[in-house]
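Each chain, letter by letter, is given below.
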Amino acid sequence: MNNGQFFTPHEISLLMSKLVYGDVLENMTQPFITLSEPACGAGGMVLAFVNEMLKKSMNPAEKLFVQCIDIDRLAGFMCYLQLSLWHIPAEVIIGNTLTLNFREVYYTPAYHLMGWNNRLRTRSLTDAISGLFGATDEPETPKPTDDIAYVNQEPEPSESFAIDLELPPIEPMADHKKPKQKKKQKGDSNSGIQADMFDFVIDR
């Protein structure tokens, strides 16, 4: 084509969706799937994925949210029209995926009718809370069973060595006796009050 656009044939899109997502859809456990198409064109790859979901008896309007981006405005409108007719909840963006320069955003009728705005917000809030409390996907440690023997091995003590240090003898401290205070003699003070550095003695 003149502008360098090459649309994927429908048969190849069906084959790719079946090979990549066939087993994933059979073992699906999450409430819904989010699909991103950064170069959607007319939406052929998305429709092929929807066709695979229909084969698995899954309702795309309830189990699928799609974000489609294309730099060409005409191709974006083609994608929006097809997804709207197929009743697919989608966000169609006209812009450049590489530079993240988005010019226009459109939502299909199924996005509004099926309440996907609230569903996506709830999921974002749930993911934020899980990350806040440190929820991880690490497998739990298996509990002991009759078929598995758990042996508690204590670490071997590391080799220790002694260092001989010659320290000088410690000299005993000299006894420092508290000087005896001179007893107050009657009549030593003319004013009848003896002033000391720490207390006052009253002569009666």
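Preceding block: the structure.
Cut-offs and rules
Residues numbered from 1 in each chain as written. Predicted model: local features only at pLDDT ≥ 70, side-chain atom pairs only at ≥ 80, totals over all residues. Heavy atoms only, no water. Helix = DSSP H or I, 4+ residues; strand = E, 2+ residues; numbered from the N terminus. Buried < 20%, exposed > 50% of the residue type's maximum accessible area, 1.4 Å probe, protein only. Contact = heavy atoms within 4.5 Å. Axes fitted to C-alpha atoms, helices over the stretch in contact; angles between N-to-C directions. Parallel < 35°, antiparallel > 145°, perpendicular 65-115°, else oblique. Left-handed = near helix turned anticlockwise from the far one by under 90°. Pairing = 2+ DSSP bridges. Disulfide = S-S within 2.5 Å. Core = buried A, V, L, I, M, F, W, Y, C linked by side-chain atoms within 4.5 Å. Phe/Tyr/Trp six-rings, centres within 6.5 Å; stacked < 30°, edge-to-face > 60°. Lys NZ or Arg CZ within 6 Å of the ring centre and 35° of its normal.

Q: I'm lost on the side chain of E104 in this one. Help?
A: Structurally, E104 can be placed in strand β4 (residues 101-107). Accessibility expressed as a relative area gives 18% for E104, which makes it buried. Apart from the residues within four sequence positions on either side, E104 is in contact with R73, F77, V92, I93 and I94.

Q: How should the packing of helix α1 (residues 10-26) against helix α2 (residues 44-55) be read in this particular structure?
A: Helix-helix packing is described using two parameters, namely the angle between the two axes and the distance between the axes. Where α1 contacts α2, the axes come no closer than 9 Å and their chain directions differ by 45 degrees. Considered as vectors, α1 and α2 are oriented oblique to each other. Handedness of the α1/α2 crossing: right-handed. Seen from α1, the contacting residues are S13, L14, M16, S17, K18, Y21, G22 and L25; seen from α2, they are G44, M45, A48, F49, N51, E52 and M53.

Q: What should I look at first to understand the sheet that holds strand β3 (residues 90-96) in this one?
A: Paired through their backbone hydrogen bonds, the strands of a sheet run either parallel or antiparallel. The strand order across the open sheet formed by 4 strands is β1-β2-β3-β4, and the pairing between neighbours is mixed. The sheet is open, and its two borders are formed by β1 (33-37) and β4, each paired with just one other strand. Strand-to-strand twist in this sheet, taken as the mean axis angle between neighbours without regard to direction, amounts to 15 degrees. Of the pairings in the sheet, the one linking strand β2 (residues 64-70) to β3 comprises 5 bridges and is parallel in character. Within β3, the position partnered with Q67 by the bridge is E91.

Q: It is not clear to me how the pairing of β1 should be interpreted in this structure. Could you clarify?
A: Regular strands have side chains that alternate between both faces of the sheet. Residues of β1 alternate between two faces, with I33, L35 and E37 buried on one and T34 and S36 left unburied on the opposite face. Bridge count between β1 and β2: 5 bridges; the pairing is parallel. Looking across to β2, one finds that E37 is bridged to C68.

Q: Any chance you could explain the state of the cysteines here in plain terms?
A: What makes a disulfide is a covalent bond joining the sulfur atoms belonging to two cysteines. On inspection of all chains with the given rule, the structure shows 0 disulfides. Free of any disulfide, C79 has its nearest cysteine sulfur in C68, 3.8 Å distant. Take C79: its relative accessible area is 0%, and that puts it in the buried class.

Q: Got a minute to help me understand the nonpolar core in this structure?
A: One recurring pattern in soluble globular proteins: nonpolar side chains tend to sit buried together. Counting 19 residues, the largest nonpolar core has V46, F49, L64, V66, C68 and L83 as the members making the most contacts within it. Non-local contacts of V46, meaning those with residues more than four positions away in its chain, are made with L35, E37, V66, C68 and L83. In this structure, F32, F65, Y111 and W116 belong to the second largest nonpolar core, which totals 5 residues.

Q: Would you mind going over unusual backbone geometry with me for this structure?
A: Among all residues save glycine, negative phi is the norm, and among peptide bonds the norm is trans. For S57, which is not glycine, the phi torsion reads 60 degrees and is therefore positive. Within the secondary structure, S57 is located in the loop between α2 and α3 (60-63). Although it is not a glycine, L100 sits at a positive phi angle of roughly 60 degrees. Structurally, the position occupied by L100 is in the loop between β3 and β4.

Q: I'm lost on the packing of aromatic side chains in this one. Help?
A: Aromatic rings considered in pairs are described by the distance between their centres and by the relative angle of their planes. For the structure shown, the criterion picks out 6 aromatic pairs. Measuring from ring centre to ring centre gives 4.9 Å for F32 and W116, while their planes differ by 85 degrees; the resulting arrangement is edge-to-face. Of this pair, F32 sits in the loop between α1 and β1 while W116 is found in helix α6 (residues 116-132), placing the two residues 84 residues apart along the sequence. The same class applies to F32 as to W116, namely buried. Each ring, one from F65 and one from Y111, has its centre 6.0 Å from the other, and the planes form 45 degrees; the classification is tilted. With F65 in strand β2 and Y111 in helix α5 (residues 109-113), this pair connects stretches of sequence that are 46 residues apart. Each of the two residues, F65 as well as Y111, counts as buried. Members of the aromatic cluster, connected to one another through ring pairs, are F32, F65, Y107, Y111 and W116. A cation over a ring is seen here: R119 above W116, with NZ or CZ 4.1 Å from the ring centre.

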